[in-house]
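A closer look at the structure
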Amino acid sequence: SLEKAKEAVLLSGFDFVLPDGSLKSKDDKEPSIEPYDKKILDAIMSQTKNSNPNIVAASIQALGEINHPNCLNLFIEKLGEDNDAIRQNSIEAILKYGTKALPSIIETLNNENWVTRNSAIICLQHYCSSSDIEIEPIIEILLNKLSDNNPIVKCSVIKALGMAYKAMKIKK
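Structural notes, computed from the coordinates. Computed from a prediction, not measured in an experiment: that's the story for all the values here. (Residues numbered from 1 in each chain as written. Predicted model: local features only at pLDDT ≥ 70, side-chain atom pairs only at ≥ 80, totals over all residues. Heavy atoms only, no water.)

So, the overall build of the protein
What counts here: Under the scheme used here, helices are H or I runs from DSSP no shorter than 4 residues and strands are E runs no shorter than 2 residues, and both carry numbers assigned from the N terminus. Between buried and exposed lies partly exposed: a residue is buried under 20% and exposed over 50% of the maximum accessible area for its type, with that area taken using a 1.4 Å probe on protein chains only. Contact criterion: two residues are considered in contact whenever any of their non-hydrogen atoms come within 4.5 Å of each other. Per-residue accessibility takes into account occlusion by the displayed protein chains alone, with areas from the Shrake-Rupley method and a 1.4 Å probe.
Scanning the protein from N- to C-terminus turns up nine helices and two strands. In the protein, the order of α-helices and β-strands from amino to carboxyl end is α-β-β-α-α-α-α-α-α-α-α. Counting over 172 residues, the protein shows a buried share of 38%. In the protein, once contacts between residues fewer than 6 apart in sequence are set aside, the share between residues at least 24 apart is 53%. Looking at the protein as shown, the accessible area adds up to about 10800 Å², and 55% of this sits on carbon and sulfur atoms.

Looking at the nonpolar core
Heads up, the condition is: Only buried residues count toward a nonpolar core, which is a set of Ala, Val, Leu, Ile, Met, Phe, Trp, Tyr and Cys residues joined through side-chain atoms within 4.5 Å.
In terms of nonpolar packing, the biggest core is built from 41 residues, with F75, I94, I105, I121, L124, Y127 and L142 touching the most fellow members. Looking at this core, the elements with two or more residues in it are α2 (34-47), α3 (53-66), α4 (72-77), α5 (84-95), α6 (102-108), α7 (114-128), α8 (135-145) and α9 (151-171). With near-sequence residues (within four places) excluded, L124 lies in contact with L102, I105, L109, I138 and L142.

Concerning α9
Rules: A helix's residues, less one, multiplied by 1.5 Å, set its expected span. Throughout, the arc means the angular range of directions from the helix axis out to the C-beta atoms. Polar contact is the term for a pair of N or O atoms within 3.5 Å; when the atoms are in protein, one must be able to donate a hydrogen and the other to accept it, and sequence-neighboring residues count only if both atoms are side-chain atoms.
Between its first and last C-alpha, α9 extends 30 Å over 21 residues, near the 30 Å set by a 1.5 Å rise per residue. Burial in α9 covers these residues: V153, S156, V157, A160, L161, A164, A167 and M168. Mapping the buried residues of α9 onto a view down its axis gives an arc of 145 degrees, with all of them on the same face. Every exposed residue of α9 that faces more than 90 degrees away from the buried side is listed here: P151, C155, K159, K166, K169 and I170. Where α9 begins, the side chain of N150 points an oxygen toward the backbone nitrogen of I152, at a separation of 2.8 Å.

Digging into the environment of T99
In this structure, T99 sits in the loop between α5 and α6. Spatially, the C-alpha atoms of T99 and Y127 are 8.2 Å apart, while their sequence positions differ by 28 residues. Excluding residues within four positions of it along the chain, T99 makes contact with Y127 and D132.

Notes on unusual backbone geometry
Residues other than glycine seldom take positive phi values, yet N67 does so here, at roughly 55 degrees. Structurally, N67 is set in the loop between α3 and α4. Residue N67 is classed as partly exposed on the basis of its relative accessible area of 29%.

Here is the structure:
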């Protein structure tokens, strides 16, 4: 390919002329995207405070694609939103962190907002189908959450327990 040929010529220490007539040298640096990291992250983060829920949902989805470690707390915070798209995009973004997000999710199970607790349980439901997670501690946590006073949360816990039990049986 052209890219491999350019790389080979550069590695050999020679300069060459590109088809557009520009000179390429081994001393030329490719433009870095690093200056854009903060700009892009800040620009998208600022949109998470927009009054339009569609813009907030799109911002959460975009930040989920970036998967920056500083965004996890924002995603956890958005689990309690009234807007379903914002919550769903937050759940999807949290799941991209893998098991690193589990402590935050488990902590969120004690939130006073039932919507937040329910969204955290939905996250755990997704984790139950993951092969790289220990199911037994999740089952213990879910068993303790059966005492939740909100029937919607309790239903989600029951569903998660079924999923966790099934996953545990498959692994053994």
